[in-house]
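So you can see what is in the structure, the chains are spelled out below.
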Amino acid sequence: MPAVTLPDGSRREFDHPVTVLDVAKDIGPGLAKATLAGKVNGQLVDARHEIDDDAELAIVTDRDPEGVEIIRHSTAHLMAQAVKQLFPDAQVTIGPTIENGFYYDFAYDRGFTPEDLAKIEKRMKELAKQDLPVERSLMDRDEAVKYFRDMGEAYKAEIIASIPQGENISLYKQGDFVDLCRGPHIPSTGKLKAFKLTKVAGAYWRGDSDNEMLQRIYGTAWANKDQLKEYLERLKEAERRDHRKIGQELDLFSIQDEAGGGLVFWHPKGARIRREIEKYWYDMHEKAGYDFVVSPHIANLDLWKTSGHADFYSESMYEPMEDEHQAFQLKPMNCPFHVLMYKDRLHSYRDLPLRWAEMGTVYRREMSGALHGLMRVRGFTQDDAHIFCREDQIEAEVMAVIDLTLAVLQTFGFEKFDVNLSTKPEDAVGSDAIWEHATASLRSAIEKKGLEYSVDEGGGAFYGPKIDIKIHDAIGREWQCSTVQLDFNLPERFDMEYVAEDNERRRPIMIHRALLGSVERFFGVLIEHYAGHFPTWLTPVQAEVLTITERQDAYAEEVTKALRDKGFRVEADLRNEKIGFKIREHTLKRVPYLLVLGDKEMENGQVAVRTRSGEDLGVMSVEDFGERLREEVAGRHH
RNA sequence: GCUCAUGUAGCUCAGUCGGUAGAGCACUUCCUUGGUAAGGAAGAGGUCACCGGUUCGAAUCCGGUCAUGAGCUCCA
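Residues numbered from 1 in each chain as written. Chains lettered and ligands numbered in written order. Predicted model: local features only at pLDDT ≥ 70, side-chain atom pairs only at ≥ 80, totals over all residues. Heavy atoms only, no water.

K.L.:
Help me understand the overall build of chain A in this model?
P.N.:
Along its length, chain A carries 20 helices and 36 strands. Judged by the C-alpha coordinates and their principal axes, chain A covers about 90 × 75 × 55 Å. Here chain A holds 638 residues, and the buried ones make up 51% of them. A separation of at least 24 residues holds for 68% of the contacts in chain A among residues at least 6 apart in sequence. (Helix = DSSP H or I, 4+ residues; strand = E, 2+ residues; numbered from the N terminus. Buried < 20%, exposed > 50% of the residue type's maximum accessible area, 1.4 Å probe, protein only. Contact = heavy atoms within 4.5 Å.)

K.L.:
Would you take a moment to explain the sheet that holds strand S5 (residues 43–46) for this structure?
P.N.:
Remark on secondary structure: sheet strands pair via backbone hydrogen bonds, oriented parallel or antiparallel. Read across the sheet, five strands follow the order S2-S1-S7-S4-S5 without closing on themselves; strand pairing throughout is mixed. The open sheet is flanked by strand S2 (11–13) and S5, the only strands paired with a single partner. Ignoring which end each strand starts from, the neighbouring axes of this sheet average 35° apart. Here strand S4 (residues 37–40) runs beside S5; their pairing, made up of four bridges, is antiparallel. The partner of Ala37 across the bridge, within S5, is Asp46. The strands touched by helix H1 (residues 20–27) within the sheet are strand S1 (3–5), S2, S4, S5 and strand S7 (55–60), with S7 carrying the most contacts at an inclination of about 75°. Against the sheet, helix H3 (residues 65–86) contacts S4, S5 and S7, and its axis sits at roughly 65° relative to S7. (Pairing = 2+ DSSP bridges. Axes fitted to C-alpha atoms, helices over the stretch in contact; angles between N-to-C directions.)

K.L.:
Any chance you could explain the sheet that holds strand S31 (residues 509–518) here in plain terms?
P.N.:
Strands sit in the order S18-S23-S24-S31-S28-S27-S25-S26 across an open sheet of eight strands; the sheet is mixed. On the outer flanks of this sheet lie strand S18 (291–292) and strand S26 (453–456), each paired with one strand and no other. Where strand S25 (residues 417–422) lies against strand S27 (residues 466–472), six bridges are found, and the strand directions are antiparallel. By the bridge assignment for S27, Ser422 is matched with Lys466. Each of S18, strand S23 (354–363), strand S24 (379–389) and S31 touches helix H9 (residues 268–287); the most contacted strand, S23, lies at about 155° to it. Against the sheet, helix H13 (residues 394–411) touches S23, S24, S25, S27, strand S28 (478–487) and S31, its axis set at about 5° to S31.

K.L.:
What should I look at first to understand the protein's contact with RNA strand B in this one?
P.N.:
Around RNA strand B, 49 residues are found, and the nearest of them are Phe312, Phe462, Ile548, Asn576 and Arg584. In RNA strand B, atoms within 4 Å of the protein come 48% from sugar and phosphate. The side chain of Gln248 places a nitrogen or oxygen atom 3.1 Å from a sugar or linking oxygen of RNA strand B. Interatomic distance of 2.4 Å between a backbone N/O atom of Ile548 and a base nitrogen of RNA strand B. At the level of elements, strand S14 (194–204), strand S15 (213–222), helix H8 (243–249), helix H18 (579–588), helix H19 (599–604) and strand S35 (606–611) are the ones that each hand at least two residues to the surface near RNA strand B. If you tally residues by element for the surface near RNA strand B, the top one is H18, at seven residues. Along the lines of polarity and charge, the residues of the surface near RNA strand B split into 20 nonpolar, 14 polar and 15 charged. (Near = heavy atom within 4 Å. Polar contact = N/O pair within 3.5 Å; in protein donor to acceptor, adjacent residues only side chain to side chain. Nonpolar A, V, L, I, M, F, W, Y, C, P; charged D, E, K, R; others polar.)

K.L.:
Help me out: how do you make sense of the pairing of S31 in this one?
P.N.:
Regular strands show a simple pattern: their side chains alternate between the two faces of the sheet. Of all ten residues that make up S31, ten are buried, and the element is covered over most of its length. Two elements, S24 and S31, share seven bridges in a ladder whose sense is antiparallel. Within the sheet, the bridge partner assigned to Cys389 lies in S31 and is Ile509. Where S28 lies against S31, five bridges are found, and the strand directions are antiparallel. Bridge pairing links Gln485 to His512 in S31.

K.L.:
How should I be thinking about the side chain of Gln382 in this particular structure?
P.N.:
With respect to the helices and strands, the residue Gln382 is situated in strand S24. Reaching out from Gln382, the side chain makes a polar contact with the side chain of Asn334 at a distance of 3.2 Å. The residues touching Gln382, leaving out its near neighbours within four places in the chain, are Met333, Asn334, Glu358, Met359, Gly360, Val362, Arg364 and Gly517.

K.L.:
Sorry, what's going on with the pattern of salt bridges here?
P.N.:
One side chain can pair with another of opposite charge once the charged atoms of both are near each other. Counted under the stated rule, the structure contains 45 salt bridges. With its nearest N and O atoms 3.3 Å apart, the salt bridge here joins Glu520 to Arg274. Placement of the pair is Glu520 in helix H16 (residues 519–530) and Arg274 in helix H9, with a sequence separation of 246 residues. Across this residue pair, the class does not change: Glu520 and Arg274 are buried. Residue Arg569 pairs with Glu276 through a salt bridge whose shortest N-O separation is 2.9 Å. You can see Arg569 sitting in the loop between helix H17 (553–565) and strand S33 (570–573) and its partner Glu276 sitting in helix H9, a full 293 residues away along the chain. Of the two residues examined, Arg569 and Glu276, each falls in the buried class. (Salt bridge = Lys/Arg side-chain N within 4 Å of Asp/Glu carboxyl O.)

K.L.:
Teacher, can you tell me more about the packing of H13 against helix H14 (residues 432–448) here?
P.N.:
The description of two packed helices rests on the angle between their axes and on the distance between the axes. Following both chains from N to C, one finds H13 and H14 inclined at 40°, their axes separated by 8 Å at the closest point. By the criterion of interaxial angle, the relationship of H13 to H14 is oblique. Considering the relative orientation of H13 and H14, their crossing is right-handed. Here Ile394, Glu395, Val398, Met399 and Ile402 of H13 come into contact with H14, specifically with His437, Ala438, Ser441, Leu442, Ser444, Ala445, Ile446 and Lys448. Among the residues making up the contact of H13 with H14, the classes are represented as eight nonpolar, three polar and two charged. (Parallel < 35°, antiparallel > 145°, perpendicular 65-115°, else oblique. Left-handed = near helix turned anticlockwise from the far one by under 90°.)

K.L.:
Got a minute to help me understand the pairing of S23 in this structure?
P.N.:
Here S23 lies mainly inside the structure; eight of its ten residues are buried. By the bridge criterion, two bridges tie S18 to S23 in an arrangement that is parallel. The residue bridging Phe292 from the neighbouring strand is Ala357, located in S23. The pairing of S23 with S24 spans ten bridges and is classified as antiparallel. From the neighbouring strand, Leu354 faces S24, where its bridge partner is Phe388.

So this is what it looks like as structure tokens:
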């Protein structure tokens, strides 16, 4: 007879087999009502799962992450049921949960429209209200194949047919709808109270672009309506911060149809921000012991054959151009150039490490459908650097790269990082010994920095292990910008060497690293992170001088010049407009400081300072304001 | 590249049944000189993405191309 141990260590004994729900009822009616599923000896099961032996049991409710997962999965089923009722010809395929929600793919001869979605959602709500019990049953595999095939569900039958013969298949039934599913599911559809269908899209059967296109419906589902509301609010906030929208409003950049997709035009205001980013970047690299190099944009195709890119990277490279019987390749990467410069002369072990950095603009072929604002483009500038070092220097160099990376990212207001170490994949170049040593060096570097990290076993590139650092932006989204990659391949291919202490020739280790990744993409992330409210050190216009009448024009020019002479980015708005209008306009342009000049200020040689958040800082002398700006900018406050 | 949607003034968008195009903001000029988030008037501005087809007639219907968006795929 089962004795059930609960997470708090308490035991309950029963003289007959009990279901998860029975145990919940035994504890209390409130819990019974909240029960979605159970976790028996660590295994997720349905609420009606029967326990007939001693077991550890945790009741799963919508307060558990697993409970929300189950809600999402069950909502996918609810949607499939609604779709089958409304569109009997649609065939069901798969419907997994994803972050924040779920999707379900249907085979249907046309796409679903937003009106269809509204209808489906309405039917889902009706079905949820009916509180249909969700019942699990088992069926032999072959029987299940036949069952679904007879129903006209060819895709489901195909999925089941790929399950080994002889296994039992679990089916879930709610009302008139039966679906193949591993489960577990909620006990009845009434538990689904907070969901919304969000979008439709095409998706390939089994994710293979050679297969037929299915109709995918995305939805989101939550434990309760408040969470749903909060999530939808987050989506709206992301939309408000969209860098494409803010980029246009603030006149920062554009992408021109006539020039082609994925090619970025930096307008004066955007270019000012970029210059500030770059100035800071050069400054930090100089302090960290880097040298700067500059390489060309095209090079003989043979170089890319030597590097191997012409072979394994050709899909991302533009076609070479011919000239005087030579083929030239537009560069998709900077690394081979730095290698050539290294090889230009013989290096001693005393020279190493060499740290060569370059803001290198590269061009890569991207499928038109993959382009996205500044985040995914065809031409971009990598804040690239290559470190050539000895094997015994790897750890110290990587630690220094991590320090530099975190310092730079923190300056831009990123506080939370996810570090990931990727190890040797199946197909790789280089000996096991060097992989082991290098991976251990990376691991040790991360650990000595006291960073938490995850490991992606086999996730490294074929040429070496790597560390990726993800940042969390102001609304909690993750972006991967920084990467540190070891490379055993290029030094080999280019036969790079240095002369060691014992006068032997040795192969240097090459470390690729980028902190921002792509300047374009990083700029896009920054726009969204700050929602366009760039900190004063970065912002294109730090202060706008606003006159109340034209009597102050000369004084305004004087104030503007005085601040510009101190190195600040200041502009004057002398237009024949009312002060309220000017304030509105420059506030919307997110200028940090508005300097209002009327007769009073002019007489006393002062400025009246208002911030973009609407705060009135009162009147002060031009010198005092300049000092305030200087401090804020020098500290790169965010 | 694939599926679906979209493409009209610098921007945001309307445009009925196929009958040759409209609003607000921005821009120019004039009036107004106004003290902390939109003062008023007038004017200018469009090869309706591009190419082709149907039609007496196309922003509108059809086909293609390009671009953008969402997703898929890809992402050293």
